[in-house]
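Breakdown of the fold
Chain residues, written in single-letter form:
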Amino acid sequence: MKMKRTTIALILASALVLLVIALPAVAQESAGKEELPVYVNGLLENRCILVNGQAYTSADEMALIYGIDGSGWYDFDTGDSEFSGDDLLIQYHGGNQYCTANGRYLYMPEGIVEVEGVAYYPLRVLAKIFGLGLTWNAELRGIELDTSNMALLENGESYYGAREQDLLARIIWAESGNQPFEGMIAVGNVVLNRVASERFPNTVYDVVYQAGQFDPVRNGSINAAPSDEAVLASYLCLEGVNTVGDALFFQNPSTSGVLFSGLSYITTIGDHVFYR
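Notes on the structure in this doc start here.

A word on the pattern of salt bridges. Here the structure, examined in full by the defined rule, presents 7 salt bridges. The salt bridge partner of Lys 128 is Glu 239, with a shortest N-O separation of 3.0 Å. Of this pair, Lys 128 sits in helix 3 (residues 123–130) while Glu 239 sits in the loop between helix 9 (228–238) and strand 14 (249–251), and the two are 111 residues apart along the sequence. The residue Asp 215 makes a salt bridge to Arg 218 at a minimum N-O spacing of 1.9 Å. Pair noted here: Asp 215 and Arg 218 are both in helix 8 (residues 215–219), with a separation of 3 residues, about one helical turn. Beyond isolated ion pairs, a larger network of salt bridges with shared partners links Arg 104, Lys 128 and Glu 239.

Here you go:
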């Protein structure tokens, strides 16, 4: 499926914020760019650059740590980049706020940074792709990568589950196709939060089709083909992108007629109010 290149502006909830390392101000200047040392299992390997507090490095450097051969390219005109190596393909389209890695959709609102014709990706994203632990080493005053559980990211075909992802995209589209993108993410979050909750069934299918819960099931709009944005929202939800925390309920007060009571308000996104 060809995904349209839409710029995504999301309001991240705390679950996603935990993916980002808070880096202390110990960076050094090099050729006009701030740098930090990168240690692998306690040994200095290289340095990453800092941009707006985010650590970046190249996929080539991470592939060397992992132990695979690969090569990449960057297109100055489009901002596109690609890295390919043994059993790995990372692709980024200029202007997008996500990249794909072996069919997985990884959120990176900060995009990439070009350094002398080489694409530098957020270090946290590359660490996830290569299965590297990522922490701040206060003693060494640098970033520590742990290779003890190193493994390439599971590919999208096996990770997502076609039936689950498709149904999640359909309920997102049916419930929030006219809402802002972060609101589409939020509806997907509610479904997955219910799957994880003991109060609801434990599969996406059973949550969506639980009696009396979702209007699109009753009126048949659940069967409509989802938009590309709804499909993308479903992938990002399954990757852990979250805009409403642990919300389990949502409603549009202008159309629902009855306001929820006895629930804790979380936030409002577009026309939807979210509760737990």
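Take the layout of surface pockets next. A probe as big as a water molecule, rolled over the atoms, marks out the empty space that is left. Estimates place the volume of the largest pocket at around 530 Å³. Around the largest pocket, the lining is made up of 22 residues, and of these Glu 175, Gln 213, Asp 215, Phe 250 and Gln 251 lie nearest the centre. In terms of residues, the lining of the largest pocket owes the most to one element, helix 8, which gives 4 residues. Grouping the amino acids of the lining of the largest pocket by side-chain chemistry returns 7 nonpolar, 11 polar and 4 charged.

Let's shift gears to the sheet that holds strand 7 (residues 88–92). Within the open sheet, the 5 strands sit side by side as 5-6-7-8-9. Their pairing is antiparallel. Both outer strands of the open sheet, strand 5 (70–74) and strand 9 (104–107), are each paired with one neighbouring strand and no more. Recorded for the sheet is a direction-independent mean angle of 15° between the axes of neighbouring strands. In this structure, strand 6 (residues 81–85) lies alongside strand 7, joined through 5 bridges in antiparallel fashion. The residue bridging Ser 84 from the neighbouring strand is Leu 89, located in strand 7. Of the strands in this sheet, strand 7, strand 8 (98–101) and strand 9 are in contact with helix 3, which crosses strand 9 at around 155°.

Turning to the packing of helix 6 (residues 181–196) against helix 9, a few remarks are in order. Two elements in contact, helix 6 and helix 9, have axes separated by 9 Å at closest approach and are oriented at 50°. When the axis of helix 6 is compared with that of helix 9, the two are oblique. In this structure, helix 6 crosses over helix 9, and the sense of that crossing is right-handed. Residue-level contacts link Phe 181, Met 184, Ile 185, Gly 188, Asn 189 and Leu 192 of helix 6 to Glu 229, Ala 230, Leu 232, Ala 233, Leu 236, Cys 237 and Leu 238 of helix 9. Classifying every residue of the contact of helix 6 with helix 9 by side-chain character gives 10 nonpolar, 2 polar and 1 charged.

Another aspect to go through is the pairing of strand 2 (residues 33–40). Taken across its 8 residues, strand 2 has 6 buried, putting it largely inside the fold. As defined by bridge partners, strand 2 adjoins strand 3 (residues 43–51) across 7 bridges and the pair is classed as antiparallel. The residue bridging Tyr 39 from the neighbouring strand is Leu 44, located in strand 3.

Moving on to the pairing of strand 11 (residues 118–122). In terms of burial, strand 11 is a largely internal element, 4 of the 5 residues being buried. Pairing of strand 4 (residues 54–58) with strand 11 involves 3 bridges; the strand directions are antiparallel. Bridge pairing in strand 11 places Tyr 56 opposite Pro 122. Direction of pairing for strand 10 (residues 113–115) relative to strand 11: antiparallel, over a ladder of 3 bridges. Among the inter-strand pairings, Val 113 is bridged to a residue of strand 11, identified as Tyr 120. Hairpin remark: strand 10 followed by strand 11, antiparallel, with 2 residues in the connecting loop; positive phi at Glu 116, about 50°.

With that settled, the discussion passes to the sheet that holds strand 14. Spatially, 3 strands are ordered 14-16-15 in an open sheet, and the strand pairing comes out antiparallel. If you trace the sheet from one side to the other, it starts and ends with strand 14 and strand 15 (265–269), each paired once. The mean angle between the axes of side-by-side strands here comes to 20°, regardless of whether they run parallel or antiparallel. Two elements, strand 15 and strand 16 (residues 272–275), share 4 bridges in a ladder whose sense is antiparallel. Counterpart to Thr 267 in the pairing with strand 16 is Phe 274.

Thresholds applied
- Residues numbered from 1 in each chain as written.
- Predicted model: local features only at pLDDT ≥ 70, side-chain atom pairs only at ≥ 80, totals over all residues.
- Heavy atoms only, no water.
- Salt bridge = Lys/Arg side-chain N within 4 Å of Asp/Glu carboxyl O.
- Helix = DSSP H or I, 4+ residues; strand = E, 2+ residues; numbered from the N terminus.
- 1 Å grid on protein atoms, 1.4 Å probe; cavity = no way out; pocket = protein on both sides within 12 Å on 5 of 7 lines; lining within 4 Å.
- Points joined across faces, edges and corners; volume = space filled by probe spheres on them.
- Nonpolar A, V, L, I, M, F, W, Y, C, P; charged D, E, K, R; others polar.
- Pairing = 2+ DSSP bridges.
- Axes fitted to C-alpha atoms, helices over the stretch in contact; angles between N-to-C directions.
- Contact = heavy atoms within 4.5 Å.
- Parallel < 35°, antiparallel > 145°, perpendicular 65-115°, else oblique.
- Left-handed = near helix turned anticlockwise from the far one by under 90°.
- Buried < 20%, exposed > 50% of the residue type's maximum accessible area, 1.4 Å probe, protein only.

Functional significance is not addressed by these values, which are geometric in nature.
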